[in-house]
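A closer look at the structure
One-letter residues, chain by chain:
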Amino acid sequence: MLYREAGQFKTSYAADMAIFPIRQDRIAFGALLAFAFIGVPLLAQFEVGPFGHDYIFKAILIPFLILSLAAIGLNILTGYCGQISLGGGAFMAIGAYAAYNFSLRIPELPLLVSILLGGGMAALVGILFGAPSLRIKGLYLAVATLAAQFFFDWLFLRVQWFTNYTPSGSVNAPQLNFFGWVVNTPAERYMLALMFVTVFAFIAKNLTRGNIGRQWMAIRDMDIAAELMGIRPLYAKLSAFAVSSFIIGVAGALWAFVHLGSWEPLTFNIDRSFQLLFMVIIGGLGSILGCFLGAAFILILPIFLDQVPHAMGVPLSVETVSHLVFIITGALICFLLIVEPHGFARLWAIAKEKLRLWPFPY
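Rules used in this analysis
Residues numbered from 1 in each chain as written. Predicted model: local features only at pLDDT ≥ 70, side-chain atom pairs only at ≥ 80, totals over all residues. Heavy atoms only, no water. 1 Å grid on protein atoms, 1.4 Å probe; cavity = no way out; pocket = protein on both sides within 12 Å on 5 of 7 lines; lining within 4 Å. Points joined across faces, edges and corners; volume = space filled by probe spheres on them. Helix = DSSP H or I, 4+ residues; strand = E, 2+ residues; numbered from the N terminus. Nonpolar A, V, L, I, M, F, W, Y, C, P; charged D, E, K, R; others polar. Core = buried A, V, L, I, M, F, W, Y, C linked by side-chain atoms within 4.5 Å. Buried < 20%, exposed > 50% of the residue type's maximum accessible area, 1.4 Å probe, protein only. Contact = heavy atoms within 4.5 Å. Axes fitted to C-alpha atoms, helices over the stretch in contact; angles between N-to-C directions. Parallel < 35°, antiparallel > 145°, perpendicular 65-115°, else oblique. Left-handed = near helix turned anticlockwise from the far one by under 90°. Salt bridge = Lys/Arg side-chain N within 4 Å of Asp/Glu carboxyl O.

**Some points on the layout of surface pockets**
Volume-wise, the second largest pocket comes out at about 410 Å³. Lining the second largest pocket are 15 residues, with Gln275, Ile298, Pro302, Phe326 and Thr329 positioned closest to its centre. Secondary structure elements with two or more residues in the lining of the second largest pocket: α11 (270–283), α12 (288–312) and α13 (318–339). When its residues are assigned to classes, the lining of the second largest pocket shows nine nonpolar, four polar and two charged.

This is the structure:
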């Protein structure tokens, strides 16, 4: 009975088109942001529960936020514009290495600008590899983006200029200094990642609700009909590739600088691309919320399943537990896609609709 919009009248077009038109959603989202920005740092400062250890930040929260950001970028291209991409790992690598070289070769450049320029370089490459989308689509376009993945895997591994001629090919991130704020502790790194994700998620949500977002969805639903309506496929598809690659590139720079600190080219291999694609599909195509839900499922569920046998006192070897995690995770993915092909975002929407009508059947 608490989740009802009865008595909440919309008296303007802006109120009707708000991201959260129902007051309860706004309150819940504000409480979530307050907990993320204020509650988690306070719990970490006073070492309350699991937040008193660095593990929850290094292994769960920071990777979850950055991978959610990368999934948002891929969802703009695949979920909203309908262009299948298997090059997410390559664009993350471009953002990471471009930001690294900008900060290395132009020391006067602020680190924030280096990260954004890394995303800009990823956007340029995304436009280049997105050009074939004007002629091909579907699995053929997926193969074209897969070529980008393999090409940049080879490029960053063989051309030593990108790694500053280090013998091992491994590079170290610069000091995280953002206009005088030196980020050192895991809690500070979490706050940095959270700020990036919040800003880019808000931008992505408004882009998809605006004119350009409607063009992307029209191209996704039927590109020929969209062109007959006056939508330019060249502008719509390449803008989707540019925005998607930019966000993924920024996520790649954050993954390298904030999460890893030191990385090698194989960090962004084909496995990373498939991981991002699975997050988008499981979370829900065409949903910003689905990116977070899919990232939580792919990242956090295996960590949880890995700890269950030890917590229950079941004597299993590490190899057996690892295999069981893969089997259970794969089975749950198959079950989810059979029950609800539109992913967790659709399940969340159905639950909200049921809650709005409860206890009445209709």
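**Remarks on the nonpolar core**
Counting residues in hydrophobic clusters, the biggest one holds 95 residues, and the most contacted among them are Phe57, Ile115, Tyr190, Phe257 and Trp263. With 17 residues, the single largest contributor to this core is helix α3 (residues 55–80). For Phe257, the residues in contact, after removing those within four places along its chain, are Ala96, Ala99, Tyr100, Ser103, Leu111, Ile115, Ala173, Pro174, Leu176, Arg189 and Trp263.

**Looking at the packing of helix α5 (residues 111–130) against helix α10 (residues 233–260)**
Between α5 and α10, whose axes approach to 7 Å, the crossing angle comes to 140°. It follows that α5 is oblique to α10 by the angle criterion. Seen from above, α5 lies across α10 with right-handed handedness. Across from Leu111, Ile115, Leu116, Gly119, Gly120, Ala122, Ala123, Gly126, Ile127 and Gly130 in α5, the residues of α10 making contact are Leu238, Phe241, Ala242, Ser245, Phe246, Gly249, Val250, Ala253, Leu254 and Phe257. Residue composition of the contact of α5 with α10, grouped by class: 14 nonpolar, six polar and no charged.

**Quick word on the packing of α3 against helix α8 (residues 211–221)**
Helices that pack against each other are described as a pair by the angle of their axes relative to one another and the distance between those axes. Taken N-terminus to C-terminus, the directions of α3 and α8 make an angle of 45°; their axes are 8 Å apart at the nearest point. Relative to α8, α3 is oriented oblique. Here Ile76, Gly79 and Tyr80 of α3 come into contact with α8, specifically with Trp216, Met217 and Arg220. For the contact of α3 with α8, the class distribution of residues is four nonpolar, one polar and one charged.

**Regarding the pattern of salt bridges**
Summed over all chains, the structure comprises four salt bridges. Between Lys352 and Asp25 there is a salt bridge, with its nearest N and O atoms 3.3 Å apart. Residue Lys352 is located in helix α14 (residues 343–357), and its partner Asp25 is located in helix α2 (residues 23–45); the two are separated by 327 residues in the primary sequence. You can call Lys352 partly exposed: its relative accessible area is 27%. For Asp25, a relative accessible area of 13% gives the class buried. Of the charged contacts in the structure, one is a salt bridge between Lys137 and Asp223, with a shortest N-O distance of 3.3 Å. On the criterion of sequence distance, the pair formed by Lys137 in the loop between α5 and α6 (139–158) and Asp223 in helix α9 (residues 223–228) is long-range, its members being 86 residues apart.

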